[in-house]
Amino acid sequence: HALLSNLEYEFGCMVGSNAYLTPGGAINQGFAPHYDDIEAFILQLEGYKRWLVYPPMNKNETLPRESSRDFTEEEMKDIEPVIDIELGPGDILYMPRGWVHQANTCRAKHHSLHLTISAWQHWSWADYLEIIMPEALEAATAKTTSLRSGLPRNFLSYMGTMHEQIDLNSKDAPEGLRQLAQNTDDDANDEDGDNRREALEKRRVLKLQEAFKADAKKKIMRVCKEALSMVTAGCDQIAKQYLSDRQPPAFTPQDCELTSENRAENGGKIWPNTMVRLAKPGIAHLVIEDDKAVLYHSADNSRVYREQPLSPLEFEIDDAPALESLLTTVEPHWICVQDLIHGDIEDKMEIAQSLYDEGILAMFQGEKPDMTVQTG
């Protein structure tokens with residue numbers, strides 16, 4: 001738990017792990033050759049294992065968003081591995097997303113036990129854009145009648161692959177069509193009225209296609225402009241997803257001494273001159289929802305993936321500056337409660353007390369408590 005939680009802090013994304021035990025013997029192989037949709041770190045714990053690692057098969061399989069099927073030995077026989085190595089206890093191997101790999105025990109008398117640490121699963125720009133683009137389309141559609149207007153009358157009579165006009169003289173055109181263009185040029189003197197009408201019709205269709213594409217481009221750009229205004233909101237959305245997925249904080253004994261876990265010893269009461277800070281960096285995120293300041297955190301998470309939903313704290317919008325100060329003050333720094341940005345000292349104390357009681361704020365009372373101000 002502590003390993004994964006600390007790696008999540010270092011990487012800033014969800015981290016998972018699986019343990020693999022393989023009996024001894026050269027013929028014992030875990031999985032067929034394949035690639036994964038994760039950044040993988042292999043930690044060899046016991047025994048020995050031989051790993052063969054290959055680069056991505058092609059550009060389309062570089063940085064994949066989904067894991068591959070199993071490849072056959074026939075498919076792999078002509079591909080040279082870039083890594084062919086035996087891992088022993090204490091060794092670590094990193095494999096980027098999309099790199100094909102296979103492994104087997106290579107010593108008859110030794111089993112193999114290794115831990116696979118996974119990171120960056122479904123954590124790409126594409127995943128981020130999947131969050132904001134549908135919302136941008138919905139928002140842009142609500143704001144303008146342009147996106148709600150009907151499609152042009154009978155536009156399928158000139159739009160689509162079957163209506164695309166190919167430049168027959170282009171080097172990219174199929175050889176048969178280029179030969180047709182040459183024959184047409186040779187017969188130009190034989191052009192009659194039907195051919196002229198056909199040429200006029202092509203020009204008419206081309207103008208309709210250009211107008212449709214220009215109009216589509218304007219509407220797409222309108223949605224993209226809306227998406228650009230949602231960049232920050234999209235980060236808030238993905239932050240909530242991350243906090244929901246990640247491990248609970250791995251507090252050290254020293255951390256616990258400063259949090260509500262040790263309330264009996266440290267008093268558990270916030271005063272104006274109490275020093276406070278976030279108990280662990282990255283365990284909470286502040287968003288604005290429905291004119292409220294809402295604080296999401298992972299302190300109540302279970303070690304079982306998504307076993308229980310997030311339990312956010314809701315504050316008034318005026319409390320947001322004080323909350324931002326608390327969430328951005330991390331070890332080794334402290335902030336004094338009376339220095340929080342807010343109008344009333346009582347409100348400053350109550351905000352800090354709420355976060356402390358929730359288990360996400362550390363406190364330190366270096367001076368004698370200033371009891372001139374009391375809260376409920």
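Each chain has its residues counted from 1, running along the sequence as written. The model is predicted, so local features are restricted to residues of pLDDT at least 70 and side-chain atom pairs to those at 80 or more, both for listing and for counting; the totals for chains, interfaces and linings are taken over all residues. Side-chain numbers come from the whole structure's heavy atoms, not from hydrogens or water.

Every helix listed is a DSSP run of H or I at least four residues long, and every strand listed is a run of E at least two residues long, numbered separately from the N terminus. Counting its secondary structure elements, the chain contains 10 helices and 13 strands. All radius of gyration figures rest on C-alpha atoms, and the globule criterion is 2.2 Å times the number of residues raised to 0.38. For the chain, whose C-alpha radius of gyration is 31 Å, the value lies well above the compact-globule estimate of 21 Å for 376 residues. Each of the 376 residues in the chain was classed as buried or not, and the buried ones make up 37%. Whether two residues are in contact is decided by their heavy atoms, any of which lying within 4.5 Å being enough. In the chain, once contacts between residues fewer than 6 apart in sequence are set aside, the share between residues at least 24 apart is 82%. Here, Shrake-Rupley sampling with a 1.4 Å probe gives the accessible areas, and only protein chains in the shown set may cover a residue. Roughly 22400 Å² of accessible area belongs to the chain as shown, and the carbon and sulfur atoms make up 53% of that amount. Using a 1.4 Å probe on the protein chains alone, a residue whose accessible area is under 20% of its type maximum counts as buried, one over 50% counts as exposed, and one in between counts as partly exposed.

Turning to the sheet that holds strand β10 (residues 292–297), a few remarks are in order. The sheet built from 3 strands is open, its strands ordered β9-β10-β11 with antiparallel pairing. This sheet does not close on itself; its edge strands, each paired only once, are β9 (284–289) and β11 (313–316). Direction aside, the axes of adjacent strands within the sheet are offset by 25° on average. In short, DSSP must find at least two bridges between two strands for them to pair. Pairing analysis gives 6 bridges linking β9 to β10, with the strands arranged antiparallel. Following the sheet pairing, His285 is matched in β10 by Tyr296. Axes here mean lines fitted to C-alpha atoms, for a helix over just the part in contact, with angles spanning 0 to 180 degrees between N-to-C directions. Along the sheet, helix α6 (residues 231–245) contacts β9 and β10; its crossing angle with β9, the most-contacted strand, is approximately 135°. Against the sheet, helix α10 (residues 345–358) touches β10 and β11, its axis set at about 180° to β11.

Before going further, it helps to spend a moment on unusual backbone geometry. Where the residue is not glycine, phi is negative for most of them; where a peptide bond is considered, it is trans in most cases. Following Glu331, the chain continues to Pro332 via a peptide bond in cis, the omega torsion being 15°. Relative to the helices and strands, Pro332 is located in the loop between α9 (320–328) and β12 (335–336). Although it is not a glycine, Trp120 sits at a positive phi angle of roughly 65°. Relative to the helices and strands, Trp120 is located in the loop between β7 (112–119) and α3 (125–143). For Trp120, a relative accessible area of 29% puts it in the partly exposed group.

Of the residues in the chain, 91% reach a pLDDT of 70 or more, and the chain-wide mean stands at 90. Taken element by element, the predicted model of the chain shows its lowest mean pLDDT in helix α4 (residues 175–186) (59) and its highest in strand β5 (residues 92–95) (98). Note: pLDDT gives the predictor's confidence per residue, expressed from 0 to 100.

If you trace the 3 strands from one edge of the open sheet to the other, you get β12-β8-β13, paired in antiparallel fashion. Whereas interior strands pair on both sides, the edge strands pair on one side only; in this sheet they are β12 and β13 (361–364). Relative to β12, strand β8 (residues 275–278) is paired through 2 bridges, and the arrangement is antiparallel. What sits directly across from Met275, in β12, is Cys336. Packing of α9 onto the sheet brings it into contact with β8, β12 and β13, and relative to β8 it is tilted by some 75°.

Before going further, it helps to spend a moment on empty space enclosed by the protein. In the cavity and pocket records, a cavity denotes points on a 1 Å grid over the protein atoms alone where a 1.4 Å probe fits but cannot get out, a pocket denotes an open set with protein on both sides within 12 Å along at least 5 of 7 lines, and lining residues are residues with an atom within 4 Å of a point. Grid points are joined across faces, edges and corners, and a volume is the space filled by probe spheres set on the points. Per the counting criterion, the structure on display carries 4 cavities of 30 Å³ or more. Here the largest cavity defines a volume of roughly 60 Å³. Every residue lining the largest cavity is listed: Ser5, Asn6, Tyr9, Arg246, Pro249, Ala250, Lys280, Pro281 and Ile283. Here the lining of the largest cavity is built from residues that sort into 5 nonpolar, 2 polar and 2 charged. Polar here means any residue other than Ala, Val, Leu, Ile, Met, Phe, Trp, Tyr, Cys and Pro, which are nonpolar, and Asp, Glu, Lys and Arg, which are charged; Gly is therefore polar.

Let us now look at the packing of aromatic side chains. Centres within 6.5 Å are what make two rings of Phe, Tyr or Trp a pair, Trp counting through its six-membered ring; a difference in plane orientation under 30 degrees is then read as stacked, over 60 as edge-to-face, and the rest as tilted. For the coordinates displayed, the defined rule picks out 9 aromatic pairs. Connected via pairs of aromatic rings, a cluster forms that spans Phe11, Phe41, Tyr94 and Trp120. The positively charged end of Lys269 is found above the aromatic ring belonging to Trp271, 5.7 Å away from the centroid. Two conditions define a charge sitting above a ring: the NZ of Lys or the CZ of Arg must be within 6 Å of the ring centre, and it must be within 35 degrees of the ring normal. Its end group placed over the ring of Trp334, Arg277 keeps NZ or CZ at 4.0 Å from the ring centre.

This paragraph deals with the nonpolar core. If you look at the biggest cluster of nonpolar residues, it comprises 29 residues, and the most contacted ones within it are Val276, Leu295, Phe315, Leu323, Leu326 and Leu355. The set of elements that each furnish at least two residues to this core consists of β8, β9, β10, β11, α9, α10 and β13. Once residues lying within four places of it in the same chain are set aside, the contact partners of Leu326 are Val276, Arg277, Leu278, Ile335, Leu340, Ile351, Ala352, Leu355 and Leu361. Only buried Ala, Val, Leu, Ile, Met, Phe, Trp, Tyr and Cys residues count toward a nonpolar core, and they belong to the same one when joined by side-chain atoms within 4.5 Å.

Here the expected span of a helix is defined as 1.5 Å times the quantity of residues minus one. An ideal rise of 1.5 Å per residue puts 52 Å on 36 residues; helix α5 (residues 193–228) measures up with 52 Å between its terminal C-alpha atoms. For α5, the full list of buried residues reads Val205, Gln209, Phe212, Val223, Glu226 and Ala227. The inward-facing, buried residues of α5 abut α3 and α6.

Only one rule defines a salt bridge in this text: a Lys or Arg side-chain nitrogen within 4 Å of an Asp or Glu carboxyl oxygen. Summed over all chains, the structure comprises 16 salt bridges. A salt bridge links Glu39 to Arg97; its shortest N-O distance comes to 3.7 Å. Placement of the pair is Glu39 in strand β2 (residues 39–47) and Arg97 in the loop between β5 and β6 (100–104), with a sequence separation of 58 residues. When the shortest N-O distance is used, the salt bridge between Lys240 and Glu289 registers 2.7 Å. Taken together, the positions of Lys240 in helix α6 and Glu289 in strand β9 put the pair 49 residues apart, joining distant regions of the chain. Residues joined by salt bridges that share partners form a network here, namely Arg65, Asp127 and Glu130.

Next up on the list: the packing of α9 against α10. Their axes nearest at 10 Å, the elements α9 and α10 cross at an angle of 45°. As the angle between them shows, α9 and α10 are arranged oblique. α9 and α10 meet at a crossing whose hand is right-handed. Residues Ala322, Leu323, Leu326 and Leu327 of α9 touch α10, and the partners they reach there are Ile351, Ala352 and Leu355. Here roughly perpendicular refers to angles of 65 to 115 degrees, roughly parallel to angles under 35, roughly antiparallel to angles over 145, and oblique to all remaining angles. Take the far helix as the reference: if the near one is turned anticlockwise from it by less than a right angle, the crossing is left-handed, and if turned clockwise, right-handed.

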